Amino acid sequence: MSLNTQTYKLPEQLGGAVAAALEDWKKNDKVARMWKGASSVWTGADEGKWLGWLGITEGQLAHIDALKGIAADIAKTGYKHALLLGMGGSSLCPEVMRITYGKIPGHPELHVLDSTSPEQIAALEAKLDLSSTVCIVSSKSGGTLEPNIFKQYFFQQVKAKVGAAEVGNRFIAVTDPGSKMQHVAQGDKFRKIFMGLPSIGGRYSALSNFGMVPAAIMGVDVQKFLQATEEMVKACGAGVAAGNNPGVILGAILGAAANQGRDKVTIVASPGIADLGAWLEQLLAESTGKIGKGIVPVDREDLGSPNVYGNDRVIAYLRLDPAPDAAQDAAIDALEKAGQPVVRIGLPDIYNLGQEMFRWEIATATAGAIIGIDAFNQPDVEASKIETKKLTSEYEAKGSLPPETPFFEGDGLKLYADDKNAAALKGGSLVEVLKKHLDRIKAGDYFGVLGYVPMNEQNDKTMQGLRMAIRDKKKVATVLGFGPRFLHSTGQAYKGGPNSGVFIQITHDHAKDIQVPDQKYTFGVVQNAQARGDFAVLAERGRRALRVHLGSDVNAGLTKLAAAVKQAIA
């Protein structure tokens, strides 16, 4: 297997800072120290405890029979579908595998659920034959709300199809040793339990069982995948000097750029590997976005002409060399010519995808050290979970979420904000309120659409249109996330990173809802509580945020909102 390529062209000032960072890494032997687990490479906290991912490919190849065994076992059953139930680091790599490799003959088709949206759950369930589905419950801690309630619901649904004696046989768990999920899986007689490594955090777990078990079950040749990845592991190894180390070089570019205010890493990937951006978003945002510093990853933003890009960008172009996109090539050339910093990465084969996972893990750890943060904790993700828990507990106790009052109501939409944001935005029509909010976007800021709506093609298209209108008019970076999925990903940077985001959060009424078994609350109540918890933390961190509530017709509400936004920026 050959090594993926990497070249770059940087403005002079950034080039100098990158050279200085690489010289510092060389002089202070930081590559070898990182591989030895020296926390002093970062902040001297407990970073050394979280570096199990450095040796994971070797470990996986040494025990490859376990992965081959589950692939063969499930293939033999003839099950049509495999359903991965998880969030964040447990779901994003399996989703990349599903989208990149597609349905593989002789193996079940993989589906991924990482949303509490009842509409999305119902739409996914409608695609499945639950009598011919194996469910993979994936949760490192075993205590995360979403995978636990997904398991409760689908265990009930599968049991109704196959009976109490067989249902456990249709479930597999991936979890850390001693977790609550391990005990649940043992009690419910799951077919198999795969263990994670406690020294690997969720977002660095792609090459561990969290990524590789679902990949094996859907028929990916995981041995070939991991052997290809091992080429990059060696290239980034402890004995490879910083200036020749592809992961460290990329990390030096990202870290030095962020320190110079170029903190929006814009990910462009060939259509055949496009979903890798969703995985990179979590890795970069959750690792670096904290204590007011960090990198804001920009994924799935349409490429534009050079004049809509500010001087706060770094462009990372991941090109699948056998199947490139000519329009992307031309747009990247134009951006490079205009002086934007561009990193070009070439993949000679789709099975080299794991090389990028490892390269970017090394790069993210390196960038974190250069920015001066702990690249392995996620303090602000917890804040949202605590707020959500308060709200779901109130629902369990009282049968309703706390009442709230919009500061604007009209055109079928309701607008909510905390006191500080509401005071800045109150007064006038819907378009006037939106104009006041969007006028708060300044150069160097970014705009975020946080959509707690079903993740489907129609909703994505409308919100992408809204996002691109802002990018082209305001000439700022833009991001788009579906809630609650982004809470386990980019949400960390939006709350803990630089206070340069201007956000529109979108919520709606649930026309149809789904009861969570053994709880008073429904999936819709959980999603609403997550949105409100998310907004409360954004407000508490002084973020410029507005919540737009659509009513029950999401399509009509989003169309109205997009039209009003376009008027507001006209």
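Up top you'll find the structure we're talking about.
Keep in mind it's a predicted model, so treat the numbers as computed, not measured.

A. Molecular detail of the overall build of the protein. A tally of regular secondary structure across the protein gives 22 helices and 16 strands. Taking 2.2 N^0.38 as the reference for a compact globule, 570 residues should give roughly 25 Å; the C-alpha atoms of the protein span a radius of gyration of 23 Å, in line with that estimate. For the protein, with 570 residues in total, the buried portion stands at 61%. When contacts within the protein are restricted to residue pairs at least 6 apart in sequence, those whose partners lie at least 24 apart make up 79%. With the model as given, the accessible surface of the protein reaches about 20,100 Å², and the carbon-plus-sulfur share is 51%. A gap of 2 Å separates the mean positions of the 63 positive and 61 negative side-chain charges of the protein.

B. View of the pattern of salt bridges. Overall, the coordinates contain 32 salt bridges when judged by the stated rule. With a closest N to O distance of 2.8 Å, Lys264 and Asp263 form a salt bridge. One salt bridge connects Asp380 with Arg541, and the closest N-O pair in it is separated by 2.0 Å. Of this pair, Asp380 sits in helix α16 (residues 379–398) while Arg541 is found in the loop between α21 (523–540) and β16 (544–549), placing the two residues 161 residues apart along the sequence. The network of salt bridges with shared partners includes Glu301, Arg313, Arg471 and Asp472.

C. Region of the structure containing the environment of Gly143. On the secondary structure map, Gly143 appears in the loop between β4 (133–139) and α7 (145–162). Linking Gly143 and Met181, residues 38 residues apart in sequence, is a C-alpha distance of 7.2 Å.

D. Molecular detail of the nonpolar core. Residues Trp53, Trp279 and Trp360 are the most contacted members of the largest nonpolar core, which totals 97 residues. Considering each element in turn, this core owes the most residues, eleven residues, to helix α15 (residues 353–371). Setting aside residues up to four positions removed in sequence, Trp53 forms contacts with Ile200, Tyr204, Phe358, Glu361, Ile362, Ala365 and Phe376. With 35 residues, the next largest nonpolar core counts Leu413, Leu466, Ile470 and Ile569 among its residues.

E. Broad picture of the pairing of β4. With seven of seven residues buried, β4 is to be regarded as a mostly interior element. Where burial is concerned, the two faces of β4 agree: the one with Thr133, Cys135, Val137 and Ser139 and the one with Val134, Ile136 and Ser138 are both buried. Pairing analysis gives five bridges linking strand β2 (residues 81–85) to β4, with the strands arranged parallel. Bridge pairing in β4 links Leu83 to Cys135.

F. Region of interest: unusual backbone geometry. Omega for the peptide link from Gly483 to Pro484 comes to 10°, which places this bond in the cis form. Take Pro484: it is sitting in the loop between β14 (477–482) and α20 (491–496). Look at Arg300: it is not a glycine, yet its phi comes out positive at around 60°. Residue placement: Arg300 occurs in the loop between β8 (296–299) and β9 (313–320). Of note, the phi angle at Lys475 is positive, near 55°, even though the residue is not glycine. Secondary-structure assignment places Lys475 in the loop between α19 (457–474) and β14. Since its relative accessible area comes to 40%, Lys475 is described here as partly exposed.

G. Structural view of the sheet that holds strand β13 (residues 446–451). Across the sheet, six strands lie side by side as β11-β12-β16-β15-β13-β14; this open sheet has mixed pairing. A strand with exactly one partner marks an edge of an open sheet, and here the two such strands are β11 (408–410) and β14. Each strand axis lies, on average, 15° off the axis of its neighbour in the sheet, ignoring direction. Where strand β12 (residues 413–416) and β16 come together, three bridges link them in antiparallel fashion. Each bridged residue has a counterpart across the sheet, and for Lys414 the counterpart in β16 is His549. Lying on the sheet, α19 is in contact with β13, β14 and β15 (501–507); it crosses β14 at an angle near 160°.

H. Inspection of the packing of helix α12 (residues 246–259) against α15 at higher detail. Axis separation between α12 and α15 bottoms out at 7 Å; the angle between their running directions is 40°. Here α12 is positioned oblique relative to α15, judged by the angle of their axes. Note that α12 runs across α15; the crossing there is right-handed. The residues of α15 that touch α12, namely those facing Pro246, Gly247, Val248, Leu250, Gly251, Ala252, Leu254, Gly255, Ala256, Ala258 and Asn259, are Arg359, Trp360, Ile362, Ala363, Thr366, Ala367, Ile370 and Ile371.

I. Quick peek at the packing of helix α1 (residues 12–27) against α12. Where α1 contacts α12, the two axes come as close as 9 Å, and the packing angle between them is 125°. Comparing the axis directions of α1 and α12 gives the class oblique. Between α1 and α12 lies a crossing whose hand is right-handed. Contacts between α1 and α12 pair Leu14, Ala17, Val18, Ala21, Leu22 and Trp25 from the former with Val248, Ile249, Ala252, Ile253, Ala256 and Ala257 from the latter. For the contact of α1 with α12, the per-class residue count stands at twelve nonpolar, no polar and no charged.

J. Focus on the pairing of β12. With three bridges connecting them, β11 and β12 associate as antiparallel partners. Paired with Gly410 across the bridge in β12 is Leu413.

K. Structural context of the side chain of Gln492. Structurally, the position occupied by Gln492 is in helix α20. The class for Gln492 is buried, based on a relative accessible area of 0%. Excluding its chain neighbours within four sequence positions, the residues that come into contact with Gln492 are Ala285, Glu286, Gly289, Lys290, Gln378, Pro379, Asp380, Val381 and Gly497.

L. How the structure looks around helix α9 (residues 180–187). Within α9 the residues assigned to the buried category are Met181, Gln182 and Ala185. The buried residues of α9 occupy an angular sector of 105° when the element is viewed end-on, so they sit on one face. Across α9 from its buried face, at more than 90 degrees, point the exposed residues Lys180 and Gly187. Looking at the buried side of α9, the elements it contacts are β4, α7, β5 (171–175) and β6 (192–195). For α9, the N-terminal capping position is held by Ser179, with its side-chain oxygen 3.3 Å away from the main-chain nitrogen of Met181.

M. View of the sheet that holds strand β3 (residues 109–113). Strand order in the open sheet made by the five strands is β3-β2-β4-β5-β6, with parallel pairing throughout. The open sheet is flanked by β3 and β6, the only strands paired with a single partner. With strand direction ignored, the average angle separating the axes of adjacent strands in the sheet is 20°. Across the sheet, helix α6 (residues 118–127) lies against β2 and β3, angled at about 165° from β3, the strand it touches most.

The rules we used
- Residues numbered from 1 in each chain as written.
- Predicted model: local features only at pLDDT ≥ 70, side-chain atom pairs only at ≥ 80, totals over all residues.
- Heavy atoms only, no water.
- Helix = DSSP H or I, 4+ residues; strand = E, 2+ residues; numbered from the N terminus.
- Rg over C-alpha atoms; globule rule 2.2 N^0.38 Å.
- Buried < 20%, exposed > 50% of the residue type's maximum accessible area, 1.4 Å probe, protein only.
- Contact = heavy atoms within 4.5 Å.
- Areas by Shrake-Rupley, 256 points an atom, 1.4 Å probe, with all protein chains shown as cover.
- Lys, Arg positive; Asp, Glu negative; His and termini not counted.
- Charge placed at Lys NZ, Arg CZ, Asp CG, Glu CD.
- Salt bridge = Lys/Arg side-chain N within 4 Å of Asp/Glu carboxyl O.
- Core = buried A, V, L, I, M, F, W, Y, C linked by side-chain atoms within 4.5 Å.
- Pairing = 2+ DSSP bridges.
- Axes fitted to C-alpha atoms, helices over the stretch in contact; angles between N-to-C directions.
- Parallel < 35°, antiparallel > 145°, perpendicular 65-115°, else oblique.
- Left-handed = near helix turned anticlockwise from the far one by under 90°.
- Nonpolar A, V, L, I, M, F, W, Y, C, P; charged D, E, K, R; others polar.
- Arc of directions from axis to C-beta.
- Polar contact = N/O pair within 3.5 Å; in protein donor to acceptor, adjacent residues only side chain to side chain.

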